[in-house]
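Letter by letter, the chains look like this.
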Amino acid sequence: MNVATPPAKLQAKDYASDQEVRWCPGCGDYAIVRAMQVTMAELQADPSKTVFISGIGCAARFPYYMATYGFHTIHGRAAAIATGAKIANPELDIWVVGGDGDSLSIGGNHLLHVLRRNVNLQYLLFNNEIYGLTKGQYSPTSRVGTKSPSTPVGSVDNPVSPTLFALGCGARFVARGVDTNQKHLPEVFKRARSHIGASFVEIFQNCIVYNDGVYDYFTEKDAVADNQIMVEHGKPLLYGKDKQKGLRVKPGHFEIESVTIGENGITEADVLVHDETNKMLATMLCAMQPPALPMAIGVIYCNPGPTYDEGLAAQVTEAKRAGAKPSLNELLRKGPTWTIE
Amino acid sequence: MEGSTAVDKRQREEVEDVVVRFAGDSGDGVQITGGQFTLTTALAGNDLATFPDFPAEIRAPTGTTFGVSSFQIHFGSREIRTAGDQPDVLVAFNPAALKVHLKDVPKGGMIIADTGAFTDRNLKKAGFTTNPIEDNSLEGYRVLAIDITKNTLEAVKQFGLSQKEAVRCKNMWALGLVYWLYDRDRKQTGDWLTGRYGKRPEIANSNIAAMNAGHAYGETTELSGEQSYRVQPAKIKSGLYRTVTGIEGLAYGLVQGTQAADLPMTFAGYPITPASALLHTLSRLKAFDVVTFQAEDEIAACGAALGASYAGNLGVTASSGPGIALKMEAIGLAIGVELPLVIVNVQRAGPSTGMPTKTEQSDLYQSVYGRNADAPLAVVAARSPSDCFYTAIEAVRIATTFMTPVILLADGYMANASEPWEIPDVDTLPKFPVKFHTEKEGFHPFLRDDKTLARVWAKPGTPDLQHRIGGIEKNYNSGDISYEADNHQKMTDVRKNKIDGIANFIPEQEVEIGQAGGEIAVVGWGSTFGPISRAVTNMRAQGKDVSQIHLRHIWPMPKNLGALLKSYKKVIVPEMNTGQLITVLRDRYMVDCIGLNKVSGQPFKITEIEDGIRKQLG
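This is a predicted model, so every value here is computed, not measured.

What counts, and at which threshold
- Residues numbered from 1 in each chain as written.
- Chains lettered and ligands numbered in written order.
- Predicted model: local features only at pLDDT ≥ 70, side-chain atom pairs only at ≥ 80, totals over all residues.
- Heavy atoms only, no water.
- Helix = DSSP H or I, 4+ residues; strand = E, 2+ residues; numbered from the N terminus.
- Rg over C-alpha atoms; globule rule 2.2 N^0.38 Å.
- Contact = heavy atoms within 4.5 Å.
- Areas by Shrake-Rupley, 256 points an atom, 1.4 Å probe, with all protein chains shown as cover.
- Lys, Arg positive; Asp, Glu negative; His and termini not counted.
- Charge placed at Lys NZ, Arg CZ, Asp CG, Glu CD.
- Buried area = accessible area lost by both parts, 1.4 Å probe.
- Salt bridge = Lys/Arg side-chain N within 4 Å of Asp/Glu carboxyl O.
- Domains from an automatic or database assignment.
- Buried < 20%, exposed > 50% of the residue type's maximum accessible area, 1.4 Å probe, protein only.
- Expected span 1.5 Å × (residues − 1).
- Axes fitted to C-alpha atoms, helices over the stretch in contact; angles between N-to-C directions.
- Parallel < 35°, antiparallel > 145°, perpendicular 65-115°, else oblique.
- Left-handed = near helix turned anticlockwise from the far one by under 90°.
- Nonpolar A, V, L, I, M, F, W, Y, C, P; charged D, E, K, R; others polar.
- pLDDT = per-residue confidence, 0-100.
- Disulfide = S-S within 2.5 Å.

S.K.: Please set out the overall build of chain B residue by residue, giving values where relevant.
M.R.: Within chain B, the secondary structure is distributed over 20 helices and 20 strands. Scaling as 2.2 N^0.38, a compact globule of 618 residues should have a C-alpha radius of gyration of about 25 Å, and chain B matches this with 26 Å. Here the C-alpha coordinates of chain B stretch approximately 85 × 60 × 45 Å along the principal axes. Sequence-distant contacts, at least 24 apart, represent 76% of the contacts inside chain B between residues at least 6 apart. Accessible surface, chain B as shown: approximately 22,800 Å² in total, 50% of it carbon and sulfur. The positive charge centre, built from 64 side chains, and the negative charge centre, built from 70, are 1 Å apart in chain B.

S.K.: An account of the interface of chain A and chain B is needed here, citing residue identities and associated values.
M.R.: Residue-level contacts link 55 residues of chain A with 70 residues of chain B. Interface of chain A and chain B: buried area, both sides summed, is about 5,200 Å²; carbon and sulfur atoms make up 65% of it. Three residues, Y69, W338 and I340 of chain A, lead the burial of chain A against chain B; their summed loss comes to 16% of the area buried on that side. Viewed at the interface, chain B and chain A are joined by 2 salt bridges. When the shortest N-O distance is used, the salt bridge between R117 of chain A and E296 of chain B registers 2.8 Å.

S.K.: Account for the domain arrangement of chain A, with residues named and values stated.
M.R.: Residues and elements named next belong to chain A. Taken domain by domain, chain A comprises domain 1 (12-235 + 274-308) and domain 2 (236-272). Just the C-alpha atoms count here: the centres of domain 1 and domain 2 sit 29 Å apart. Taken residue by residue, the interface counts 16 residues in domain 1 and 14 residues in domain 2. Roughly 1,200 Å² of surface becomes buried between domain 1 and domain 2 when both sides are summed, with 77% attributable to carbon and sulfur atoms. Three residues stand out in domain 1 for area buried against domain 2, namely I229, K235 and M284, and they jointly supply 35% of the buried area on that side. At the boundary of domain 1 with domain 2, the tally comes to 1 salt bridge. The salt bridge partner of K245 is D226, with a shortest N-O separation of 3.5 Å.

S.K.: Before we move on, can you summarise the environment of L447 of chain B with the specific residues and values?
M.R.: Residue and element names in this part refer to chain B. With respect to the secondary-structure elements, L447 resides in the loop between β14 (418-422) and β15 (468-470). Judged by relative accessible area, L447 falls into the partly exposed class, the value being 27%. Put simply, L447 and N477 are 30 residues apart on the chain and 7.5 Å apart in space, counted from C-alpha to C-alpha. Excluding residues within four positions of it along the chain, L447 makes contact with H437, G442, A454, R455 and V456.

S.K.: I'd like a description of helix α9 (residues 246-260) of chain B, backed by residues and values.
M.R.: Three- or four-residue spacings in an α-helix give side chains the same orientation, since the helix completes a turn every 3.6 residues. All names here are of chain B. Here α9 contains 15 residues, and its C-alpha end-to-end distance of 20 Å stays within 8% of the 21 Å for a straight helix at 1.5 Å per residue. Among the 15 residues in α9, 13 count as buried, and that is most of the element. Backbone geometry just after α9 places D262 at a positive phi near 60°.

S.K.: Which residues make up the packing of helix α2 (residues 78-88) of chain A against helix α11 (residues 298-310) of chain B, and what values go with them?
M.R.: Packed helix pairs are characterised by how far apart their axes lie and by the angle those axes make with each other. In contact at an axis separation of 6 Å, α2 of chain A and α11 of chain B are set at 45° when each is read in the N-to-C sense. Between α2 of chain A and α11 of chain B, the crossing angle belongs to the class labelled oblique. α11 of chain B is crossed by α2 of chain A, and the crossing has right-handed handedness. Judged by residue contacts, A80, I81, G84, A85 and A88 of chain A of α2 of chain A engage A300, G303, A304, G307 and A308 of chain B from α11 of chain B. For the contact of α2 of chain A with α11 of chain B, a count of residues per class yields 7 nonpolar, 3 polar and no charged.

S.K.: Explain the confidence of the model for chain B to me, using residue names and the numbers behind them.
M.R.: All names here are of chain B. In this model, chain B carries an average pLDDT of 95, and 97% of its residues clear a pLDDT of 70 or more. Low pLDDT (under 50) marks residues 1-12, which in the prediction has 36 contacts with non-local residues, meaning those over four places away or in another chain. Listed scores for the predicted complex are pTM 0.94 and ipTM 0.96.

S.K.: So what's going on with the packing of α9 of chain B against helix α14 (residues 385-402) of chain B? Which residues, and what values?
M.R.: Residues and elements named next belong to chain B. Put simply, α9 and α14 touch, their axes get as near as 7 Å, and they point 30° apart. In terms of orientation, α9 lies roughly parallel with respect to α14. For α9 against α14, the interelement crossing comes out right-handed. Seen from α9, the contacting residues are G246, G249, L250, Y252, G253, L254, Q256, G257 and T258; seen from α14, they are P385, C388, F389, A392, I393 and V396. Within the contact of α9 with α14, the residues separate by chemical class into 9 nonpolar, 6 polar and no charged.

S.K.: Provide a residue-level description of the environment of E42 of chain A, including the pertinent values.
M.R.: All names here are of chain A. Following the sequence through the fold, E42 ends up in helix α1 (residues 28-43). Accessibility expressed as a relative area gives 45% for E42, which makes it partly exposed. Through-space distance from the C-alpha of E42 to that of P186 is 8.7 Å; in sequence the pair is 144 residues apart. Filtering out sequence-adjacent residues up to four positions away, E42 remains in contact with E187 and K190.

S.K.: So what about the state of the cysteines? Which residues, and what values?
M.R.: All names here are of chain A. Taken as a whole and judged by the stated rule, the model has 0 disulfides over all chains. C207 takes part in no disulfide bond, and the closest cysteine sulfur, belonging to C58, lies 6.5 Å away. In this structure C302 is not part of a disulfide, and its nearest cysteine sulfur, from C286, lies 13 Å away. C302 sits in the buried class, given a relative accessible area of 11%.

The structure is reproduced here in structure tokens:
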């Protein structure tokens, strides 16, 4: 009798491919790929059904380092290619990886449509506010005044907010993570994967060569407590070293303000409780900027709805059910025909 | 006979072939009228070819010359190869239609004009200073000036339609009259009208009444002195027939191809004239394992098709020249990662937007050469609506057998035109099932078949074959990324050799009409097939040594083509471009071909090709 050996439990390292990683030493991408391998192990994800699809840029090298299926495609088009793959085989667990230029400049149109269609996949946007692979030009998320090889006296155009863009496109899952937060990032990835529909995750990623320290103002050890808020569904929106600060709707205004519990008669009851299904709240949380308000991190919005791939598959199933096994011979003979003797 | 020998048909009751052209405003139902006449004519057993020609504007301002839509049908009791050079009968629903089309009607031809539409306002809009029906400018033509509008209103008044709806039935009145003229049965159109307006029987009945009134007008009243004609059933190959348009041929061929390859199809498209109809047609064939996806742009359509191929379906995308240009980067990726992909190009007049509803075959360079780097792929071209079916199957076969993108060239003319088609028994057509790779031992994604040089196709979801592919150069022996100099040379060579090697797996080039060797070969590709074929037949009937060669495989070309071309003293290449195939032929075979080029947005006339041949005969 054969005794079935239970499959060995996969470790994080089992999800790492044998390829030599080619990012710059100290790049935030190392931390993200590590967090992803941890996530995969925690989920015991089937590597043969997992696919990473990317465009072009530093972030887009990601698939080469995962021991899953991977497709490194062309600049900006990963979302479109991933949509085709998901339509063709809805069983696949598809993760799209792109940088800020890939996703929001050349690929902005495809990101818009993959989100509004609600294709069931995860879209990870590694935002480092710079074009790294082309040696440091400013990107669509760079702040006004960014000096770069193409803007030697500073950029003049306004940056786009990836999460506000995503919400505007109709994304039903919007989250944020920080590359170095190895405890939190896998949790965000797991939530993204369990969400049915397009899950959009912005990851603040440090480019050590061309834009080093661009997020220090809320990720530095000393800055985290007062400039970051970890949002969690059903929990009060508290932050600060001793969770003494909170967010509330400013009385008489349609805006959020930061308050301190114990000051001016403020109690915890005044503080907003995070409701990840509330799009208006999500929009306000995404718009927050330190130092006035903390940077919101975590699952900001999650409100599942029908997915494109399910809808499409249902139409095919319905079409197949409608008749007997279809015959092309029959189809070709439907309608007027005539016989030549 | 078409072309060179003009025979006066009006003296005979029995005629061998006839060309009828309907023309009017885009809103006059000209295309529907033509479609019905086509079907009825097909059911009567005639061979036929059609040429729908319409403006890009959906509802151009009424009465204008640029808003004129037309439909030409050529039918006969013998084999018909083109939609005809000149109409024997022109049905002009308004002055603009007459203005645009009169120049094509030979003297002695019949003009049926709706005088009800020849108002001062319409005459002015069409650019007439006086009414051509009354000012003798139609002398030499047989003019049937009938107030079709008034007759139609009279015929349908019992059904209580609005004035606007009632006037719209006038195309059926005219159709009824033409049915009488050529002794055609009205039942098919009556049944069609009843089905089409099932929910509004008063509209169906009005249209039928109008058609019957038009017919009765010819039969019993004013036209009783006119001659009517009979065109006997054509002596064509026995079998079961239907009509088919190029778009239908492409759609059914793609379905048959994917079934033969044992793959589901993912079709991704973006609306563009004249290729959109393929998306429409395939979106109704979901039961055949076809998923259609209307993408956000041409790039996404090609990307999604490629993504579908990556996942193990056959990805197919379609467009016209400008859209193909946008897809080209993704096609380059398909070449680099060696995945199957079928790209249908329904060519139109360009450059840029050009003339979207007019035909041209000027994307041959784009198909063969139009990519960055050394990026070879296969190119095939259909020659007629029914040939679209077989060429689509061939495109799928090459794509899946050789793991390569294939560009399938059709054009606006054949896409919209229809012809009788002997319906094949698809069960007897060859199968070429895809075998996905599943063997773990020794696997890497760029393992190749020794004969075809195709790489293995291991789709995501296959246990233990996880791998990464991408646009970065791959190591020949592992598929891993590689920037190594010798390796890039080797990979470039193998990609080229793979595509060149397809020539070993396609039929040798045959001579369509005539024989290998001799005075002149006329070499064509695409929808010029019909006029070339008739022109060569006519010339041979006059004792001239002229042969026809028509290419399906544009890249790579059949192995014997060079030697075949060199067996003629002269090679003439008619093309609806400024000379693209000719460049490739000269480059490949050092054959000094003679171009015969037309870039007017209109198909070749037979006489134009005959004249071109005659010039070379000296």
